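Commentary on secondary and tertiary structure
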Amino acid sequence: MRLVHILNPVSLSKDQELYHTQAFVFESLRRSRDHYTGSGRITHVSVHYEEDRPFIPKFFHQRPPLKHSIQDLLPKVGGGKKLPLLREVLERGTEIKSDYYLYTNADIILQPHFYDFIFRKIEEGYDGLIINRRRIPFFIDKTLDELCHYALIKGKSHPGFDCFLMSRDLLPLFELSVICLGIPFIGVTLAHNLFAFSKRLGYYDRENLTFHLGMRIRHKAAEAYYWHNRNSFFQEIKPKLDPYFDIHKFPYASLPLIKRYSKWIQNPSLFTLMNLKMEILRKWNIRKVKSIS
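What counts and what doesn't
Every chain is numbered on its own, with residues counted from 1 as its sequence reads. Residue-level local features of this predicted model are given only where pLDDT is at least 70; pairs of side-chain atoms are given and counted only at 80 or more, and the full residue set underlies all totals for whole chains, interfaces and linings. Note: side-chain values were computed over all heavy atoms of the structure, leaving out hydrogens and water. By convention in these notes, a salt bridge is any Lys or Arg side-chain nitrogen within 4 Å of a carboxyl oxygen on Asp or Glu. Note on conventions: DSSP H or I runs of at least 4 residues are helices, E runs of at least 2 residues are strands, and numbering of each starts at the N terminus. For the exposure calls, accessible area comes from a 1.4 Å probe over protein chains only, and a residue counts as buried if that area is under 20% of its type's maximum, exposed if over 50%, partly exposed in between. Each Phe, Tyr or Trp ring (for Trp, its six-membered ring) is paired with any other whose centre lies within 6.5 Å, and the angle between the two planes then decides the class: stacked below 30 degrees, edge-to-face above 60, tilted in between. Here a cavity denotes grid points, spaced 1 Å and computed from the protein atoms alone, that fit a 1.4 Å probe unable to get out, and a pocket denotes an open set having protein on both sides within 12 Å along at least 5 of 7 lines; residues with an atom within 4 Å of a point are the lining. Grid points are joined across faces, edges and corners, and a volume is the space filled by probe spheres set on the points. Residues are grouped as follows: nonpolar covers Ala, Val, Leu, Ile, Met, Phe, Trp, Tyr, Cys and Pro; charged covers Asp, Glu, Lys and Arg; every other residue, Gly included, is treated as polar. Nonpolar cores were defined as sets of buried Ala, Val, Leu, Ile, Met, Phe, Trp, Tyr and Cys residues, with membership established by side-chain atoms within 4.5 Å. Contact between two residues is taken to exist if any of their heavy atoms lie within 4.5 Å; hydrogens are not considered.

**Overview of the pattern of salt bridges**
A full pass over the atoms with the stated rule returns 15 salt bridges. Residue Arg92 is joined to Glu88 by a salt bridge in which the shortest nitrogen-to-oxygen separation is 3.7 Å. Pair noted here: Arg92 and Glu88 are both in helix H3 (residues 86–93), with a separation of four residues, about one helical turn. Here Arg92 matches Glu88 in class, with each residue buried. For Glu175, the salt bridge goes to Lys240, with nearest N and O atoms at 3.9 Å.

**Considering the packing of aromatic side chains**
Aromatic ring pairs: the centre-centre distance and the angle between the two ring planes describe each pair. Inspection of the entire model under this criterion finds 23 aromatic pairs. Between Phe195 and Phe250, the aromatic rings sit 4.4 Å apart at their centres with planes inclined by 35 degrees, giving tilted as the arrangement. Here Phe195 is found in helix H6 (residues 186–197), whereas its partner Phe250 is found in the loop between helix H7 (223–241) and helix H8 (257–266), with 55 residues between them in sequence. Here Phe195 falls in the buried class, since its relative accessible area comes to 0%. Ring centres of Phe233 and Phe271 lie 5.9 Å apart, and the angle between their planes is 35 degrees; on these two criteria the pair is classed as tilted. A residue pair is termed long-range when its members are at least 10 positions apart, and Phe233 in helix H7 and Phe271 in the loop between H8 and helix H9 (272–283) qualify at 38 residues.

**Considering the layout of surface pockets**
The probe, sized like a water molecule, is rolled over the atoms to show the empty space still left. Within this model, the second largest pocket holds a volume of roughly 230 Å³. Lining the second largest pocket are Asn132, Arg135, Ser157, His158, Pro159, Tyr203, Asp205, Arg206, Tyr252, Lys263, Gln266 and Asn267. Considered class by class, the residues forming the lining of the second largest pocket number three nonpolar, five polar and four charged.

**As for the nonpolar core**
In terms of nonpolar packing, the biggest core is built from 47 residues, with Tyr103, Ile130, Phe164, Phe174 and Phe195 touching the most fellow members. Of the residues forming this core, the biggest block, eight residues, is contributed by H6. Setting aside its immediate chain neighbours within four residues, Phe195 contacts Ile130, Phe161, Leu201, Tyr244, Phe245, Lys249, Phe250, Pro251 and Leu270. The next biggest cluster of nonpolar side chains, apart from the first, holds 33 residues, and it includes Tyr36, Ile42, Leu209 and Phe211.

Now the structure itself:
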């Protein structure tokens, strides 16, 4: 069984928090791969811009550099960052043949048993997984040798989505529009594609499989880029996915009513009114879920 793990690392100055976080990310990938003793094959793939190449660890398989960014679409946004497009990142990463593809944000650190869990779920028949991270305090004085210190901290839950497993059969079905990385609606987009197309989807928000340094839930995003991603999802992606949505595949759908809606309201990547509409239409047998051809 082959697994390709796709990341989009970025070269940063040492005074930026993500610079230090990515060092822990890279080390956690290496340690988690070495911890795994099963028969599956793990390939770490880096998809990045040419200027980021010197920053990438040698154990990554590097893809041809990215050509496009959000600046191509929003050139009038002054001082904007060179943010990659999700579609191009996944296209580059999935050019390497594999049975399953894993995508995590560049600030997601793996627990040592992470790949053991992933392959176990694959063997159980899941074609898609969504895994929520834990949030733990960021101690700037910690070194890579103290990664185990971080791994033992329980931390707090995080409601958003930032880790996704997809079978190779699902990716050609995905609707990704021109969503850019580094801005909200990346997790929304990937999660809702999995809600639409996965045949057996697993959602895990309590397993402590990944963690993030820092306790913030949301980061401030450039307004123009935020509205670009938001509009891309609601105007272009969601209408195409909507016929395939089955409320039973959404997180917390099996919980009692009050607890279910409480969970949906607290999660910025889920939309309570949309889910309520689906539930009402399903109850009155008005809604029919379109089958995947």
